[in-house]
2 protein chains.
Amino acid sequence: MLKYLNTFNMKNEINTKVLPGFMELLPEDQILFDRIKGTIQTVYEQFGFFPLDTPAIERAEVLMAKAGGETEKQIYSFSKGDNQLALRFDLTVPLARYVSEHVNEITFPFRRYHIAKVYRGESPQKGRYREFYQCDIDIIGNGSLSLMNDAEIPSVIYTVFSKLGFGQFVIKISNRKLITGLLSSLGIENLSVDVMRIIDKIDKVGKEAITEMLVEASVPTDAILTIFKFIEIKGSNNEVLSALDELNIDNDNFKQGLADLKEVISSIEKLGVPNENYQIDLSIARGLDYYTGTVYETTLVDYPQIGSICSGGRYDNLAEKYTDKKLPGVGISIGLTRLFSQLKDAGVIKSGPKTTSKVLVIPLISDMSIPLQIATTLRSQNIPTEIYLEDEKMKDKLSYANKLGIPYVILIGEDEIKAGKYALKNMLSGEQKELSIEEISSNIY
Amino acid sequence: MLKYLNTFNMKNEINTKVLPGFMELLPEDQILFDRIKGTIQTVYEQFGFFPLDTPAIERAEVLMAKAGGETEKQIYSFSKGDNQLALRFDLTVPLARYVSEHVNEITFPFRRYHIAKVYRGESPQKGRYREFYQCDIDIIGNGSLSLMNDAEIPSVIYTVFSKLGFGQFVIKISNRKLITGLLSSLGIENLSVDVMRIIDKIDKVGKEAITEMLVEASVPTDAILTIFKFIEIKGSNNEVLSALDELNIDNDNFKQGLADLKEVISSIEKLGVPNENYQIDLSIARGLDYYTGTVYETTLVDYPQIGSICSGGRYDNLAEKYTDKKLPGVGISIGLTRLFSQLKDAGVIKSGPKTTSKVLVIPLISDMSIPLQIATTLRSQNIPTEIYLEDEKMKDKLSYANKLGIPYVILIGEDEIKAGKYALKNMLSGEQKELSIEEISSNIY
């Protein structure tokens, strides 16, 4: 007993638990996660976005130039040799650096997708991760970029979430020029960053709290009333656009924002997104500074508590910190790690089998020729197939397939080889068929 | 001029070059890289391996327990809050930690693949990367694992490299028990780690240098002669096995190694790997300590300078540092980043188009209904399709397709819409066909 305890303690000196704030999944969840990630990637590629992959480690100066505030505190930074290094906190800053560096080698508009992990050393709390996947697309222009791209983005979002099948969703759209123009017309453009950060929280904290925060941020009372009058405009897209016209704001930025929003909204329809899947929502401002025009958020109608599942927008100048070139762009991001965890908690998605294998070949003889021939035939038809190689009892072999959730088992013994017919067993229904090698694959679904 | 210089300097305060030792690709190479990575993943899944994804950041104590020597110096480590953290230097240590932590939740044999980046702060030199992809498979048993798994691994390697088409390759196989048994029989088992590290370099530095190193490592002269007699055994697999029999080494470890090697070699044939694609090579020892049985290396026949493109082996105890459970396993790893760079340099692979898009739809009218209908039809058939949205001259639109290497362009103007026939232009051959929407997809290859 003492010996056992000693051994136990020795082994437990090393903590093998995953670090707090990091996601690590069991196979049944990993397979589900990867399937969702794969669907997003497929849709991105269908829309003509191509893959980009940049290092997870950047020069600290590159990240610090773009971070600031909360984000800067969350950066994982370290040094190695002469270099001050840091882990990327998003995929937009690396894109900005990449495009600046390779501006003469790449073709514009530059349509890339990037699905990879990013790092933020946040205080761990439910739904917050320190390492998480972002699934981004961006379209970058050199000098200019047509507003039609702002209209195409919702059709990508629409296709992604239609395919994923998480239920009804709405893409909420606004244009930042409206609120910045409005604030200018009120003479408080200097407060616009604060005001946008505050009103962005309205869905979470409610009107009263927002009012208090605006007062604290020194926004005059009459301006607060006008801001609420603006963000509370509701109705159909046409009704909202009319109401915005009727506000009669005499500010060029506001007028431009309204004209842009009209064009984007009318083009979204032409680009085939159903009416129930997008709507103007003037309370959408996005926390991040760099958006300058169209902004998007996407919410699941039946799960509003999840918040935005896909957000993004238009920015005038992707890489002003790194290059003199004007590089306008528009893009979106899906924070997949957090989304996955919330969808699991809400019961929207459920883990399935513990393997991607469809077939388990169980040889009851030592000659592997026939088992291999069957496995190779199935594999060449893209049916993931495993041969059971351990020397166990029959019961344990079938139990392995059951535990993993492998849907089909093929038994191969002397008799089967003589007859040239092999037993294909459907592990769910229990149904068993005697089939020739050629017949097997067409009986697997 | 002065103003220009000032601006130039200001922008250049931030270094946007990728860090030395990190790979960053242009789209034409990234697409090629991802295609290779995708093929490896597909084959791994066909053989019934399922995906695993662990954090890139581990507790420093977890990595340090397994690192040691050169590797330890190369670890990127840092602290955040109370935690001493480090970036993983391979995918095997995280697997060991994962399996230890989840040993009661997972099913054995545990067949996972993991394709992800790992980090080693090596001195930058040609062909060495500080961030690189490893593409690993491992099969882990709980308590025991059949030797048949050692024989299945070469059939995975064979399928991967047959599909990748990098030319003729040979999987070299040995068993570590042979050399450790031989050294025991010579009374120098205490030198076995050194000896294996040294003879592993024979392909790179030659016999003379190896002899010197062995002398320096205090290996007696007669032992050196025996070691060479052993590693220089050449011939067909049967010839090598006979020669090993004839050595008549009276050591249990050696005898076990020989018996295991015989079984693995005869099973590989039954598992369908052609004779010319595998051979016993007794100079294969693998630098890493943890291998205890079968070891593999794979080389391209026409590019021996590239060295091993896929290596691995059997280990008795995956996670002895973390758990009391005996977890034997066998696995391989492809170091894809280095391999990609070397294959490019050698001209084995060549970059292709700069996008994954197959079709560019060019609307010559403002109504997007028909362009969208065509794009949606093609996308739903998994043909990546882009709509050209910028307001440019016709010449520039076609030039965009040409620059990116998009193989097909569809032109849609008033006349085409009236006729219900659209011009599908093959950008390579110049051929143009007038087709209905339904006919388009079957004309794209």
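Residues numbered from 1 in each chain as written. Chains lettered and ligands numbered in written order. Predicted model: local features only at pLDDT ≥ 70, side-chain atom pairs only at ≥ 80, totals over all residues. Heavy atoms only, no water.

A. View of the overall build of chain A. Helix and strand counts for chain A come out as 18 helices and 16 strands. When the backbone C-alpha atoms are referred to their principal axes, chain A occupies close to 90 × 60 × 50 Å. Buried positions account for 57% of the 445 residues belonging to chain A. Within chain A, counting contacts between residues at least 6 apart in sequence, those at least 24 apart form 67% of the total. For chain A, the exposed area adds up to about 18500 Å²; of that, 48% sits on carbon and sulfur atoms. Here chain A carries 50 positive and 60 negative side-chain charges, and the mean point of each set is 4 Å from the other. (Helix = DSSP H or I, 4+ residues; strand = E, 2+ residues; numbered from the N terminus. Buried < 20%, exposed > 50% of the residue type's maximum accessible area, 1.4 Å probe, protein only. Contact = heavy atoms within 4.5 Å. Areas by Shrake-Rupley, 256 points an atom, 1.4 Å probe, with all protein chains shown as cover. Lys, Arg positive; Asp, Glu negative; His and termini not counted. Charge placed at Lys NZ, Arg CZ, Asp CG, Glu CD.)

B. Region of the structure containing the interface of chain A and chain B. Across the boundary between the two partners, chain A contributes 99 residues, which contact 99 residues of chain B. Overall, the association of chain A and chain B removes approximately 8700 Å² of surface from exposure, summing both partners, and the carbon and sulfur fraction of that is 56%. Between chain A and chain B we count 10 salt bridges in total. Across the contact surface, chain A and chain B share 43 residue pairs in polar contact (both at pLDDT 80 or more). (Buried area = accessible area lost by both parts, 1.4 Å probe. Salt bridge = Lys/Arg side-chain N within 4 Å of Asp/Glu carboxyl O. Polar contact = N/O pair within 3.5 Å; in protein donor to acceptor, adjacent residues only side chain to side chain.)

C. Quick peek at the sheet that holds strand E16 (residues 432–435) of chain B. All names here are of chain B. Reading across the sheet, the 5 strands line up as E13-E12-E14-E15-E16 and stay open at both edges, with mixed pairing between neighbours. One side of each edge strand has no neighbouring strand; the edge strands of this open sheet are strand E13 (385–387) and E16. Each strand of the sheet is rotated relative to its neighbour by a mean of 25°, with strand direction disregarded. The sheet contact formed by strand E12 (residues 359–363) and E13 spans 3 bridges and is parallel. Bridge assignment links Leu360 to a residue of E13, and that residue is Glu386. Running at roughly 170° to E12, helix H15 (residues 394–404) makes contact with E12, E13 and strand E14 (408–412) of the sheet. (Pairing = 2+ DSSP bridges. Axes fitted to C-alpha atoms, helices over the stretch in contact; angles between N-to-C directions.)

D. Here's a closer look at the relation of the copies chain A and chain B. Taken as rigid bodies, chain A and chain B are interconverted by a rotation of 180° and an axial shift of 0.0 Å, the fit giving an RMSD of 0.1 Å. Taken together, the rotation angle and the small translation identify this as a two-fold axis. For chain A, the residue whose C-alpha comes nearest the rotation axis is A:Phe78, separated from it by 2.9 Å. When the interface residues of chain A are mapped onto chain B, 99% of them again lie at the interface, so the same face is used by both copies. (Least-squares fit on C-alpha atoms with pLDDT ≥ 70 in both.)

E. Quick look at the pairing of strand E10 (residues 311–315) of chain A. Residues and elements named next belong to chain A. Within E10, 5 of the 5 residues are buried, which leaves it mostly tucked inside the rest of the structure. Sheet topology places strand E9 (residues 294–300) next to E10; 2 bridges connect them, and they run antiparallel. Bridge pairing links Val295 to Gly313 in E10.

F. Structural detail: the pattern of salt bridges. Applying the stated criterion across every chain yields a total of 35 salt bridges over all chains. In this structure, B:Asp138 engages B:Arg112 in a salt bridge whose closest nitrogen and oxygen atoms are separated by 3.0 Å. Of the two residues, B:Asp138 sits in strand E6 (residues 131–140) while B:Arg112 sits in strand E5 (residues 110–119), which places them 26 residues apart along the sequence. In the salt-bridge network here, residues are joined through shared partners; they are A:Arg111, A:Glu152, B:Arg379 and B:Glu386.

G. Fine view of the confidence of the model for chain A. All names here are of chain A. Across chain A, the average pLDDT comes to 92, with 96% of residues at 70 or higher. Here residues 1–11 is modelled with pLDDT under 50, and outside its nearest four sequence neighbours on either side it reaches 7 contacts, counting other chains as well. The ipTM for the predicted assembly is 0.93, set against a pTM of 0.94. (pLDDT = per-residue confidence, 0-100.)

H. Looking closely at the pairing of strand E6 (residues 131–140) of chain A. Residues and elements named next belong to chain A. A large share of E6 lies buried, amounting to 10 of its 10 residues. Neither face of E6 is open: one carries Glu131, Tyr133, Cys135, Ile137 and Ile139, the other Phe132, Gln134, Asp136, Asp138 and Ile140, and all of them are buried. Two elements, strand E5 (residues 110–119) and E6, share 10 bridges in a ladder whose sense is antiparallel. Each residue of the ladder has a partner; that of Val118, found in E6, is Phe132. In this sheet, strand E11 (residues 329–335) lies alongside E6 in antiparallel orientation, the contact comprising 7 bridges. Bridging across to E11, Ile140 finds its partner in Gly329.

I. Representation of the packing of helix H7 (residues 176–185) of chain B against helix H10 (residues 221–231) of chain B in the model. Residues and elements named next belong to chain B. With their axes 11 Å apart at the nearest point, H7 and H10 run at an angle of 155° to one another. It follows from the interaxial angle that H7 and H10 lie roughly antiparallel. As for the relative orientation of H7 and H10, their crossing is right-handed in sense. Across from Leu178, Ile179, Leu182 and Leu183 in H7, the residues of H10 making contact are Thr226, Ile227 and Phe230. Split into classes, the residues belonging to the contact of H7 with H10 amount to 6 nonpolar, 1 polar and no charged. (Parallel < 35°, antiparallel > 145°, perpendicular 65-115°, else oblique. Left-handed = near helix turned anticlockwise from the far one by under 90°. Nonpolar A, V, L, I, M, F, W, Y, C, P; charged D, E, K, R; others polar.)

J. Up close: the packing of aromatic side chains. On inspection of all chains with the given rule, the structure shows 25 aromatic pairs over all chains. Between B:Tyr290 and B:Tyr315, the ring centres sit 5.9 Å apart and the planes meet at 75°, which makes this aromatic pair edge-to-face. With B:Tyr290 in the loop between strand E8 (278–280) and strand E9 (294–300) and B:Tyr315 in strand E10 (residues 311–315), this residue pair connects regions lying 25 residues apart in the sequence. For B:Tyr290, a relative accessible area of 27% gives the class partly exposed. Put simply, the rings of A:Tyr76, A:Phe78, B:Tyr76 and B:Phe78 touch in pairs and so form one group of aromatic residues. The ring of A:Phe49 has A:Arg111 lying over it, and the distance from NZ or CZ to the ring centre is 4.4 Å. (Phe/Tyr/Trp six-rings, centres within 6.5 Å; stacked < 30°, edge-to-face > 60°. Lys NZ or Arg CZ within 6 Å of the ring centre and 35° of its normal.)

K. Here's a closer look at the side chain of A:Thr16. Residue placement: A:Thr16 occurs in the loop between helix H1 (2–11) and helix H2 (27–46). Ignoring anything within four residues of it in the chain, the contact list for A:Thr16 reads B:Arg97, B:Glu101 and B:Tyr322.

L. Seen up close, the sheet that holds strand E4 (residues 83–87) of chain A. Residue and element names in this part refer to chain A. Here we have 3 strands laid out as an open sheet, ordered E2-E4-E3, and antiparallel in their pairing. Both outer strands of the open sheet, strand E2 (57–59) and strand E3 (77–80), are each paired with one neighbouring strand and no more. Going from strand to strand, the sheet's axes swing by 40° on average, the running direction of each strand aside.

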